[in-house]
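Coordinate analysis (summary)
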Amino acid sequence: MLQRQTMIYTELSPNPNSMKFVLNFELAPEGLTFDYPSLASTVEESKASPLAGDLFQFPFVRRIFIASNFITITKDDETEWEDIVYDIKKFMKIFFEQNNPVFAQKTIDRNTLIIDANDSAVIAKIKSTLDQYVRPAVESDGGAINFASFDEISGQVKVYLQGSCSGCPSSTVTLKDGIERLLKTMVPEVKEVVAEGV
C-alpha cells in the first residue's frame, strides 16, 4: 500500500486556545463539519471518528473540530501551544501515513447533505447567504457556522458555532457586528442572529 504524503501547517485562530491544523488533502466530505466537545462524542453513531478519539488521548485537548481539509484543536488554558504543536503534528503525520480512517464508515454513510425542499424562500436565502458569504470567512479562522432555525414572527435566526468559534472571546462580536449585519442587509426579514448552544 502506498504511503500518503502528509503535509501539515498551522494557523492561529481568533480563539487563543484553538489552533487550526491544515492538511494537503480532504478530511470530511464537502459541506460537512464534525464537532467533538468530549471523548464520548467521538463514538456517537452519527459522527464516530477514530482520529478525534485518538487526539483526545492528549491530556490538554478540550475540543476537536474537523472540516474540509483542517482540524481545529482547542486546548486547556494551562498548556502553551509552543510546547505541544510539534507533538500533535508528529502524531497526525504518523496517523495519516499509516492510512488510518478519519471517520468510521457508518459516519460517512449517515452524513450526506440533503437539501430540504420544504424550506421557505426566506430560509433558503438565509442558508445561501451563510454558505456563500459567512462560511468561508469562519472556516479560514478554524471554525464553522451552521443554520439552526428561523422564527418568522420574531425574525430571529439561530446558528450553531463550531470549532474555534465555540468559546472564542470574539465570537459574540463577530456574530453581532458581522454576521447579523450581513444577514439583515441581504435578507430584510432577519431582525436578530443568536448562537445556539454556546
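A few points on the structure. (Residues numbered from 1 in each chain as written. Predicted model: local features only at pLDDT ≥ 70, side-chain atom pairs only at ≥ 80, totals over all residues. Heavy atoms only, no water.)

Here the focus is the nonpolar core. One finds Phe21, Ile64, Ile66, Ile71, Ile73, Met92 and Phe96 to be the most contacted residues of the largest nonpolar core, which totals 30 residues. Of all elements in the fold, only strand 2 (18-23), strand 3 (34-36), helix 1 (50-55), strand 4 (61-67), strand 5 (70-75) and helix 2 (81-97) reach the threshold of two or more residues within this core. Of the residues forming this core, the biggest block, 7 residues, is contributed by helix 2. When near neighbours in sequence (up to four residues on either side) are disregarded, Phe21 contacts Ile8, Tyr9, Thr10, Asn69, Phe70, Ile71, Ile73, Trp81, Val85, Ile88, Lys89 and Met92. By size, the runner-up hydrophobic cluster in this structure holds 18 residues, among which are Val134, Phe150, Leu161 and Leu175. (Core = buried A, V, L, I, M, F, W, Y, C linked by side-chain atoms within 4.5 Å. Buried < 20%, exposed > 50% of the residue type's maximum accessible area, 1.4 Å probe, protein only. Helix = DSSP H or I, 4+ residues; strand = E, 2+ residues; numbered from the N terminus. Contact = heavy atoms within 4.5 Å.)

Before going further, it helps to examine the pattern of salt bridges. Side-chain pairs of opposite charge can arise whenever the charged atoms involved come near each other. Scanning the model with the defined rule gives 6 salt bridges in all. Of the charged contacts, one joins Lys93 and Glu97 as a salt bridge, the two residues approaching to 3.0 Å between their closest N and O atoms. Of this pair, Lys93 and Glu97 both sit in helix 2, separated by 4 residues, roughly a single helical turn. The partly exposed category is assigned to Lys93, whose relative accessible area is 33%. (Salt bridge = Lys/Arg side-chain N within 4 Å of Asp/Glu carboxyl O.)

Here the focus is the sheet that holds strand 3. The strand order across the open sheet built from 5 strands is 1-2-5-4-3, with neighbouring strands paired in antiparallel fashion. Only two strands of the sheet have a single partner each, and these edge strands are strand 1 (8-12) and strand 3. In this sheet, adjacent strand axes meet at a mean angle of 20° when their direction is disregarded. The pairing of strand 1 with strand 2 spans 5 bridges and is antiparallel. Its bridge partner being in strand 2, Thr10 is matched across the sheet by Phe21. Strands strand 1, strand 2 and strand 5 of the sheet are contacted by helix 2, whose axis makes an angle of about 30° with strand 2. (Pairing = 2+ DSSP bridges. Axes fitted to C-alpha atoms, helices over the stretch in contact; angles between N-to-C directions.)

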